[in-house]
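Spelled out from the first residue to the last, the chains are:
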Amino acid sequence: MVTFEVEDHDGNRQPIEAPDDMGLSLMEVLKASEYPVLATCGGMALCATCHVEVLEGKDGLGDATDPELDQLEGLPEMYDTSRLACQIRISDELEGAVFKLRGEDQ
Amino acid sequence: MITTDICIVGAGPVGLFTVFEAGLLKMRCHLIDALPQVGGQLSEIYPQKPIYDIPGYPEVKAQELVDNLMKQIEPFNPSFTLGERVDYLAKQDDGSFVITTSDKTKVHAQVIVIAGGLGCFEPRKPVLENLENFEGKGITYMVKDPEQFRDKKVILAGGGDSALDWTIFLSDVAEKVTLVHRNETFRGAPDSAAKVFDMANNGKIDLILSSNLTKIAGNGHLQSVSMKNKAKEEITVDADYLIPLFGLSPKLGPIAEWGLNIDKNAIEVDTTDYSTNVERIYAVGDINTYENKLKLILCGFHEAALMCHSAFKYVYPDQKLSFKYTTVNGVNAF
Ligand SMILES: Cc1cc2nc3c(=O)[nH]c(=O)nc-3n(C[C@H](O)[C@H](O)[C@H](O)COP(=O)(O)OP(=O)(O)OC[C@H]3O[C@@H](n4cnc5c(N)ncnc54)[C@H](O)[C@@H]3O)c2cc1C
Ligand code: FES
C-alpha cells in the first residue's frame, strides 16, 4: 500500500491509501475514492479532463509521455507540475506525494 | 422554421444511425449538434483510434465509421444544423415540439430524440476577468464562418492543431493575425508548426510565444488583449476578435432543464422503446441510463432501432406498422 494526499477543488487535503501492486492509475484511484474526476476517455490520454498538479513528489513520477504532453498543452492552464492522472501508475514512488485536482468535475 | 418528423439532438454515431432506422420507416429527420462537424465523440476525441467491436468491421477507424454512417443515411436526405446548441424545448398544443437553438434556429418536430452522448462539447475557456461580457462581442471559441474575420485584427490562442490550422487559414482573410502560445514550440502537426514559424519570420503573422493571456478590454466590443511572458513583461495588442482554442469538454448543459428524469447526468428511459418520462421524447446512446446500460456504439444502434419503431405511431397516427426486414423493401428514399 502507498499513501499520498489529494487536494480537491476547494483546497481540502485528504490522505488516500491505495494498493501499489494492481497496476491502477491515479485517475482510477481518484474515481474509486469518489473524487469528481470526469475522465471522459477512460484513461487513454485523449481528453485531458483528469488533469492534476503534482504539488509534492514530482521526482518519483518519471517524465510525461508525448501523448500526455499533447493533451496538457492543449489546456487553457498548464503548470510546470501538470500531469494527467490517468497516465500516473500507482507505485511506491508515490509515497508522500501531494496531488491537486485541476481537471473538470462531473 | 424547419419542419421535420423527428428532430435528433446530437449527431454522434447513434444520432446518425437513428436517421437510417427512421428513414426505413419513412420518417424524416433533422439533426442538431453543437459541434461544427458530425461524429460526436468519435470525431472530437478519437478520430484516428481503431474500433474493434462494430459488427462486420474487424477494425475501423472512428472517423471512417462516421464517414460510412453519413454515406449510409444519404438516401434519406437528413438536414443538419451544426455549430448550434439546443437550448429550449416547447411543447405545442397538438403534442408536437418546437426546439430552439443557441442561434435561435427553430425546428418543429413530432418526436424528439436526444442522442446527446456525454452532453454538449463546450469550449474550455481561459481564466480572464470579464470573459463572459465579451462572448459574442469579439470573443468566439469556434470559427463557423471565416468571412466574419475578413479585414479584422484577430488574435488566436492555443498550441494545438486547430490553433495552427486556423492561424494559417485566417492569415489570408484577416487584416492581421496574432497567435499567442504558452510555450516555445508547438506539439501540433510538424508541417503546420513549420508553416506558422515561416509565416512569422516573413512578417505574415505575429507570433507571441511563451506567453499567457492576462486581460481583455473594450467598450461594448473587444478592442485589445494583453498577455504576459515568462519574464512577466506585459504587452497589449489591438484586436477585434480573440479566438481561444483550448479544446472542448462535455457538459450535460440545457437538457438537464427539460423536466426529464435524470440520474447522474444521464436520462432514465424505458428499455422497451427508450422513451423518457415525457411523451414523444426518446433518449438513445450514451446519454440514457437503465439497468446494465453499456456505453457502446453497438448498444446505441440497437436502441435507435427500437426507438424508431415506437416513434412511428406519433408520426403516422393512422397507420399500423408491420415489421419487415430491410432486405424486403431495400433502402428506398422518400
Ligand atoms: C476514447 C474513447 C474510446 C471509445 N472506444 C469505443 C469503442 O471502441 N467501441 C464502442 O462501441 N464505443 C467506444 N467508445 C464510446 C463511444 O464513443 C460512445 O458510446 C458513442 O460515441 C456514443 O455515441 P452517441 O451518439 O450516443 O454520443 P456522442 O458521440 O457523445 O455524440 C453526442 C453529440 O451530441 C451533441 N450534443 C449534446 N447535447 C447537445 C445539445 N444540447 N445541443 C446540440 N448538440 C448536443 C454533442 O455535441 C455530441 O456531438 C469510446 C469512447 C471514448 C471517449
Ligand atoms: S482520462 Fe482522459 S486523459 Fe486521462
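Source: prediction; values computed, not measured.

The rules behind these values
Residues numbered from 1 in each chain as written. Chains lettered and ligands numbered in written order. Predicted model: local features only at pLDDT ≥ 70, side-chain atom pairs only at ≥ 80, totals over all residues. Heavy atoms only, no water. Buried < 20%, exposed > 50% of the residue type's maximum accessible area, 1.4 Å probe, protein only. Helix = DSSP H or I, 4+ residues; strand = E, 2+ residues; numbered from the N terminus. Pairing = 2+ DSSP bridges. UniProt positions renumbered as here; feature names shortened; annotations may be inferred. Axes fitted to C-alpha atoms, helices over the stretch in contact; angles between N-to-C directions. Contact = heavy atoms within 4.5 Å.

Asks: Would you mind showing me how to read the pairing of strand 5 (residues 98-101) of chain A here?
Replies: The side chains of a regular strand alternate between both faces of the sheet. Residues and elements named next belong to chain A. The side-chain alternation of strand 5 yields two buried faces, one formed by V98 and K100 and the other by F99 and L101. Where strand 1 (residues 2-7) meets strand 5, three bridges bridge the pair, whose relative direction is parallel. Pairing of E5 across the sheet is with V98, part of strand 5. The pairing of strand 3 (residues 51-56) with strand 5 spans four bridges and is classified as antiparallel. Its bridge partner being in strand 5, E53 is matched across the sheet by K100.

Asks: When you look at the UniProt feature "domain: FAD/NAD(P)-binding" (unreviewed entry) in chain B in this model, what are you seeing that I'm missing?
Replies: Per the UniProt entry, the sites bearing "domain: FAD/NAD(P)-binding" (unreviewed entry) are residues 5-295 of chain B in this numbering. Each end of residues 5-295 of chain B is marked by a C-alpha atom, and these two atoms are 27 Å apart; helix forms 19% of the span and strand 32%.

Asks: Sorry if this is basic, but what is going on with the pairing of strand 1 (residues 2-9) of chain B here?
Replies: Residues and elements named next belong to chain B. Counting buried positions along strand 1 yields six of eight residues, so the element is predominantly enclosed. Where strand 1 and strand 8 (residues 106-114) come together, seven bridges link them in parallel fashion. Following the sheet pairing, I2 is matched in strand 8 by V107. Where strand 1 meets strand 2 (residues 29-33), four bridges bridge the pair, whose relative direction is parallel. Counterpart to V9 in the pairing with strand 2 is I32.

Asks: Before we go on, may I ask you to explain the sheet that holds strand 5 of chain A in this structure?
Replies: Sheets are built from strands that pair by backbone hydrogen bonding, the pairs being arranged parallel or antiparallel. Residues and elements named next belong to chain A. Across the sheet, which stays open at both edges, the five strands sit in the order 2-1-5-3-4 with mixed pairing between neighbours. With one partner strand each, in any of the chains shown, strand 2 (13-18) and strand 4 (82-84) form the two edges of the open sheet. Within this sheet the neighbouring strands show an average axis-to-axis angle of 40°, counted without direction. Sitting on the sheet, helix 2 (residues 66-73) touches strand 3 and strand 4, and the angle it makes with strand 4 is about 115°.

Asks: I'm lost on the sheet that holds strand 14 (residues 222-229) of chain B in this one. Help?
Replies: All names here are of chain B. The strand order across the open sheet built from three strands is 13-14-15, with neighbouring strands paired in antiparallel fashion. Among the strands making up the open sheet, the edge pair consists of strand 13 (211-218) and strand 15 (234-238). Sheet twist, expressed as the average angle between the axes of neighbouring strands with direction ignored, equals 25°.

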